[in-house]
Amino acid sequence: MEICINLRIMMDGIPPPKDKHLFIKDLRFEKVKVRIYQPKMSTSGQRRGILYFHGGLCLQILSPEYPYPTQFEDCLTATIHFMRTAQDYGVDPSRIIVCGDSSGGTLTAAVAQALVNRRDVPKLRAQILIYPFLQGVNFNLPSYQQNEGVPVLLKERTISLGLKYLNADLSAVKNVLQGCHVSEELRLKYQKWLSPDNIPHEFKTRGYTPSTEQPFSEEIYKLVKTFLEPVFSPLLSEDSVIAQLPETFILTCEYDVLRDDGLLYKKRLEDQGVKVTLCHLQEGFHGTIFLAVYGKIASFQSGLKGLEKITKFLRLM
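Here the structure is a predicted model, which is why all the values come from computation and not from measurement. (Residues numbered from 1 in each chain as written. Predicted model: local features only at pLDDT ≥ 70, side-chain atom pairs only at ≥ 80, totals over all residues. Heavy atoms only, no water.)

A few points about the overall build of the chain
Per the secondary structure count, the chain includes twelve helices and eight strands. Against the compact-globule benchmark of 20 Å for 317 residues, the chain has a radius of gyration of 19 Å, which places it among compact chains. The C-alpha extent of the chain, read off along each of the three principal axes, is 60 × 40 × 40 Å. Across the 317 residues that make up the chain, the buried fraction comes to 54%. Long-range contacts, defined as pairs at least 24 residues apart, comprise 77% of the intrachain contacts of the chain with a sequence gap of at least 6. Within the structure as shown, the chain displays about 14,600 Å² of accessible surface, and the carbon and sulfur contribution to it stands at 53%. Positive and negative side-chain charges of the chain, numbering 38 and 34 respectively, have mean locations separated by a distance of 7 Å. (Helix = DSSP H or I, 4+ residues; strand = E, 2+ residues; numbered from the N terminus. Rg over C-alpha atoms; globule rule 2.2 N^0.38 Å. Buried < 20%, exposed > 50% of the residue type's maximum accessible area, 1.4 Å probe, protein only. Contact = heavy atoms within 4.5 Å. Areas by Shrake-Rupley, 256 points an atom, 1.4 Å probe, with all protein chains shown as cover. Lys, Arg positive; Asp, Glu negative; His and termini not counted. Charge placed at Lys NZ, Arg CZ, Asp CG, Glu CD.)

As C-alpha cells, this is what we get:
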C-alpha cells in the first residue's frame, strides 16, 4: 500500500475521483497545490510514498502565466516538503518514489537530478519515467523520423510546446528541427550521449536516415539556449550527476517520437551503474498510460500492459 501525491498544477477545477478505499484531500505543500490519495486500510508499518507529476497539455495551459522553470521549482519544492514530512503521512522516508509522464517525466528526471547532492533530505528510492521528453538537441533521431506524423505528439508539435514553455518565438520551429541551435562544439560534446549508434538496431528497422545538420545560428541558439539546460533536457546532465541517480523504471512506446529519449537515457544510466528496468510497449503510443487510467471510452491493451508493469515495479520498492 502507498500514499500518492499528485501535483495539482493542471488539476484546478477537476474534482477528485471517488474511491471508497481512499482518503482524497487537496492540500498545499508550502505554496504548491497537491492532491493526496491515502489508503483507508490501516497498516502496522510505514507505507511507500509516490509523487506524481502530470504531463500532457500542462505546458500549453501554464504558459505564459507560469514560465520556465516554475513547474520544475514547484515539483522540487513539493518533493522536498514531502520528504521532510513523510512520517506525518505514515510514509517511510526511504521509500519515496518520483514518477511522471511525458513532460511530467521530464520534471521527474530533473527533480531526481536536483536531489542527488542534497544532504538535508533522504535519498529517493526510485524514479519512474513514462515516455519522457529528455533532450532538446536532436529532433532527427530514428523515433522522430519514424513517428513524425503519429498522434498525439507530432514531431513539430513537440518543439512548438517547448517553445511555448519558454515563451519563445514559434517561428524558430524549423530551425530547431534542423539543429541550427547547437554549435559544433556542443554537438561534439553531446555526441557520446545522443548518437543514434547508442540505439539498438531493432529500433531502426522501420526506417532511419542519418541527418545532415544545418549551419549553426547564434540567433537561434540565443532564442532557445534553455533547450540545452539539464532542467529542460535531463539527458544532458554530467556523468557525476547521472551516476548518483536512484533505481529507474523507463517506459517507452514504439509509436512515439520520444521513444529514443528513453532508450538513450537507459544507456546513460546503465553506463554509470544505475539499475534500470525498461518497459517497451511494442504497440504503444504517446498517452497510452493516461488512457489506461482515465479513458472511460477508449483504453488500449498496450496501456493496460504498461500500467501492470509499473504496478509490479512499485510493489518491489
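A closer look at the nonpolar core
Soluble globular proteins tend to bury their nonpolar side chains together. Phe-227 and Tyr-265 are the most contacted members of the largest nonpolar core, which has 73 residues in total. Among the elements that take part in this core, helix H2 (residues 70-85) stands out by supplying seven residues, more than any other. Setting aside residues up to four positions removed in sequence, Tyr-265 forms contacts with Ala-109, Gln-113, Gln-127, Leu-129, Leu-134, Pro-234, Leu-235, Ile-242, Leu-245 and Ile-250. With 18 residues, the next largest nonpolar core counts Ile-50, Tyr-131, Leu-314 and Met-317 among its residues. (Core = buried A, V, L, I, M, F, W, Y, C linked by side-chain atoms within 4.5 Å.)

Thoughts on the packing of aromatic side chains
Taken as a whole and judged by the stated rule, the model has 14 aromatic pairs. Between Tyr-68 and Tyr-165, the ring centres sit 5.5 Å apart and the planes meet at 90°, which makes this aromatic pair edge-to-face. Linking Tyr-68 in the loop between helix H1 (58-62) and H2 with Tyr-165 in helix H5 (residues 155-165), this pair joins segments that are 97 residues apart in sequence. Given the relative accessible area of 7%, Tyr-165 is considered buried. Where Phe-82 meets Tyr-89, the ring centres are 5.9 Å apart and the plane angle is 45°; that geometry is what we call tilted. This pair shows no difference in class: Phe-82 is buried, exactly as Tyr-89 is. (Phe/Tyr/Trp six-rings, centres within 6.5 Å; stacked < 30°, edge-to-face > 60°.)

Observations concerning the pattern of salt bridges
Under the counting rule described, the total for this entry stands at 14 salt bridges. Across the pair Glu-254 and Arg-206 runs a salt bridge whose closest N-O atoms are separated by 2.9 Å. Linking Glu-254 in strand S7 (residues 247-255) with Arg-206 in the loop between helix H7 (184-194) and helix H8 (218-224), this pair joins segments that are 48 residues apart in sequence. Note on Arg-206: relative accessible area 35%, which makes it partly exposed. (Salt bridge = Lys/Arg side-chain N within 4 Å of Asp/Glu carboxyl O.)

Quick look at the pairing of strand S5 (residues 91-101)
Summarising burial for S5: nine of the eleven residues are buried, a large majority. Bridge count between strand S4 (residues 47-53) and S5: six bridges; the pairing is parallel. Paired with Tyr-52 across the bridge in S5 is Cys-99. Direction of pairing for S5 relative to strand S6 (residues 126-130): parallel, over a ladder of five bridges. Following the sheet pairing, Cys-99 is matched in S6 by Ile-128. (Pairing = 2+ DSSP bridges.)

Describing the packing of H2 against helix H3 (residues 103-115)
Look at H2 against H3: their axes get within 10 Å of each other, and the N-to-C directions meet at 55°. Of the possible angle classes, the one that applies to H2 and H3 is oblique. Regarding H2 and H3, the two cross each other, and that crossing is right-handed. Taken together, the residues of H3 that come into contact with H2 (itself represented by Gln-71, Phe-72, Cys-75, Leu-76, Thr-79, Ile-80 and Met-83) are Leu-107, Ala-110, Val-111, Ala-114 and Leu-115. Across the contact of H2 with H3, the residue classes tally to ten nonpolar, two polar and no charged. (Axes fitted to C-alpha atoms, helices over the stretch in contact; angles between N-to-C directions. Parallel < 35°, antiparallel > 145°, perpendicular 65-115°, else oblique. Left-handed = near helix turned anticlockwise from the far one by under 90°. Nonpolar A, V, L, I, M, F, W, Y, C, P; charged D, E, K, R; others polar.)

Concerning the environment of Ser-195
Take Ser-195: it is sitting in the loop between H7 and H8. Considering only alpha carbons, one finds Ser-195 and Gly-162, 33 residues apart in sequence, at a separation of 22 Å.

As for unusual backbone geometry
That bond from Tyr-68 to Pro-69 is cis: its omega, 5°, falls within 30 degrees of zero. Its place among the elements puts Pro-69 in the loop between H1 and H2. Positive phi, normally seen in glycine, also occurs at Asn-167, with a value near 55°. Counting through the fold element by element, Asn-167 comes out in the loop between H5 and helix H6 (173-177).

Things to note about the pairing of S6
Burial of S6 is extensive: five of the five residues sit out of reach of the surface. Where burial is concerned, the two faces of S6 agree: the one with Ala-126, Ile-128 and Ile-130 and the one with Gln-127 and Leu-129 are both buried. At this point the chain moves from S5, through H3, to the parallel S6, and the crossover so formed is right-handed. Looking at chain direction, S6 and S7 are connected through five bridges and run parallel. Opposite Leu-129, over in S7, you have Ile-250 as the bridge partner. (Right-handed = clockwise from strand over helix to strand, strands pointing away.)

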